[in-house]
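Remarks on the overall topology
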Amino acid sequence: MTSAAAQLPIGIFDSGFGGLTVARAIVDLLPHEEIVYLGDTARTPYGPRPIAEVREYTLQCLDWLIEQGVKILVIACNTGSSAALRDARERYHVPIVEVILPAARKAAATSRDRQVGVICTQATATSRSYNDALVASPVHLVTQVCPLFVPFVEEGITTGDALMAVAEEYLNPLKQQQVDTLILGCTHYPLLSGVISYIMGDEVTLVSSADECARATFATLQRLGLLREGGHRPSRRFVTTGDPARFEGLGSRLMGGFVSGVQQVGLD
Ligand code: DGL
């Protein structure tokens, strides 16, 4: 017998499409769970915005998810987590899982030579959230901001010469610093992992904050006795602050048939 709380959906938030990489990883691990996904595509990208603004937008989105009656919040956005995690923990009475700590832990455990890179948005870099997460670890962290990666993904571009040229420019300094492990410190970046891994080479291990966050979600629900039992077809709601047709089109293109029935919500 599972509790009534266990029947509630998992609330997942990202500034746009990137958190779908987390949502898909969660569905792979937890196929019986209901999910409500909110992508703030009307205001994406968050990365170049001041941290105070990212905090305000993130909390608005999390408030909305809480109003839907979720049993756990998944902040599937490194930028949003960097800006608002502490406030969110204070503000809500449901468990919160985010992307940064699970990815940082995995990278520290994986790195052979203690030379770890993180690629992320400007706001995540400015917040130094990955430096904080690794402060007690012996690894040396090299941070590289990749401002054009999110716009490429939001346009549905994951291959091609223009992307390759930009990626070379961002990633070559990390190769020169001989990182052996690279954290994809933005949930949009797993969609670019073909290009990233091609440039970095096989000897560099990529750590996806999306996969690590999904495992942390599983572990948290297991620990709290909040896993939903099978037997019912779970509902999966996808909601955007932007254009639902565009979200559904791009979401399906990037994620296969995973995204459908997208609804729109206004938060302002
Ligand atoms: N996907 C978000 C992250 O993990 C950032 C995207 C944005 O700049 O809006 O940081």
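In what follows, the structure referred to is the one given above.
First, a word on scope: everything that follows refers to the structure included in this document. Remember, predicted model here, so these are calculated numbers, not experimental data.

1. Digging into the site of the ligand
Residues in close proximity to the ligand total 14 residues, the closest being Ser-15, Tyr-46, Asn-78, Thr-79 and His-188. The separation between an oxygen atom of the ligand and a polar side-chain atom of Ser-15 is 2.6 Å. Here an oxygen atom of the ligand sits 3.4 Å away from a polar atom, N or O, in the side chain of Thr-44. For the ligand, whose free accessible area comes to 300 Å², the fraction covered by protein is 99%.

2. Thoughts on the pattern of salt bridges
On inspection of all chains with the given rule, the structure shows eight salt bridges. The shortest N-O distance in the salt bridge between Glu-34 and Arg-228 comes to 3.4 Å. Pair noted here: Glu-34 is in the loop between helix H1 (19-29) and strand S2 (35-39) and Arg-228 is in the loop between helix H10 (209-223) and strand S9 (236-240), with a separation of 194 residues, a long-range link. Overall, Glu-34 belongs to the buried group, its relative accessible area being 16%. A salt bridge links Arg-49 to Glu-53; the shortest N-O distance between them is 3.5 Å. For Arg-49, a relative accessible area of 24% translates into the label partly exposed. Glu-53 sits in the partly exposed class, given a relative accessible area of 25%.

3. Topic: the pairing of strand S1 (residues 10-14)
Of all the five residues making up S1, five are buried; the element is thus mostly covered by neighbouring parts of the structure. Burial along S1 is two-sided: Ile-10, Ile-12 and Asp-14 and Gly-11 and Phe-13, pointing in opposite directions, are all buried. Where S1 and S2 come together, five bridges link them in parallel fashion. Within the sheet, the bridge partner assigned to Gly-11 lies in S2 and is Val-36. Pairing of S1 with strand S3 (residues 72-75), which is carried by four bridges, proceeds in the parallel orientation. By the bridge assignment, Gly-11 is partnered in S3 with Leu-73.

4. Here's the deal with the state of the cysteines
In this structure the tally under the stated criterion is zero disulfides. With no disulfide partner, Cys-77 has as its closest neighbouring cysteine sulfur the one in Cys-186, 6.9 Å distant. For Cys-77, a relative accessible area of 4% puts it in the buried group. Considering cysteine sulfurs only, Cys-146 is the nearest to Cys-120, which forms no disulfide, with 7.2 Å between them.

5. Here's the deal with the packing of aromatic side chains
Aromatic ring pairs: the centre-centre distance and the angle between the two ring planes describe each pair. By the definition in use, this model includes eight aromatic pairs. Taking 6.1 Å as the distance between ring centres and 40° as the angle between the ring planes, the aromatic pair formed by Tyr-37 and Phe-238 counts as tilted. You can see Tyr-37 sitting in strand S2 and its partner Phe-238 sitting in strand S9, a full 201 residues away along the chain. Per residue, the accessibility class of Tyr-37 equals that of Phe-238, and both read buried. Taken together, a centroid distance of 5.3 Å and an interplanar angle of 85° make the contact between Phe-149 and Tyr-189 edge-to-face. Of the two residues, Phe-149 is situated in helix H7 (residues 149-154) and Tyr-189 in the loop between strand S7 (181-184) and helix H9 (193-200); the sequence distance between them amounts to 40 residues. Taking the relative accessible area as the measure of exposure, Phe-149 reaches 1% and is therefore buried. Classification of Tyr-189 by relative accessible area gives buried; the value is 0%. Every member of this aromatic cluster is reached through a ring pair, and the members are Phe-17, Tyr-37, Phe-238, Phe-247 and Phe-258. Taking the ring centre of Tyr-57 as reference, the NZ or CZ of Arg-43 above it sits at 3.8 Å.

About the thresholds
- Residues numbered from 1 in each chain as written.
- Predicted model: local features only at pLDDT ≥ 70, side-chain atom pairs only at ≥ 80, totals over all residues.
- Heavy atoms only, no water.
- Near = heavy atom within 4 Å.
- Polar contact = N/O pair within 3.5 Å; in protein donor to acceptor, adjacent residues only side chain to side chain.
- Areas by Shrake-Rupley, 256 points an atom, 1.4 Å probe, with all protein chains shown as cover.
- Salt bridge = Lys/Arg side-chain N within 4 Å of Asp/Glu carboxyl O.
- Helix = DSSP H or I, 4+ residues; strand = E, 2+ residues; numbered from the N terminus.
- Buried < 20%, exposed > 50% of the residue type's maximum accessible area, 1.4 Å probe, protein only.
- Pairing = 2+ DSSP bridges.
- Disulfide = S-S within 2.5 Å.
- Phe/Tyr/Trp six-rings, centres within 6.5 Å; stacked < 30°, edge-to-face > 60°.
- Lys NZ or Arg CZ within 6 Å of the ring centre and 35° of its normal.

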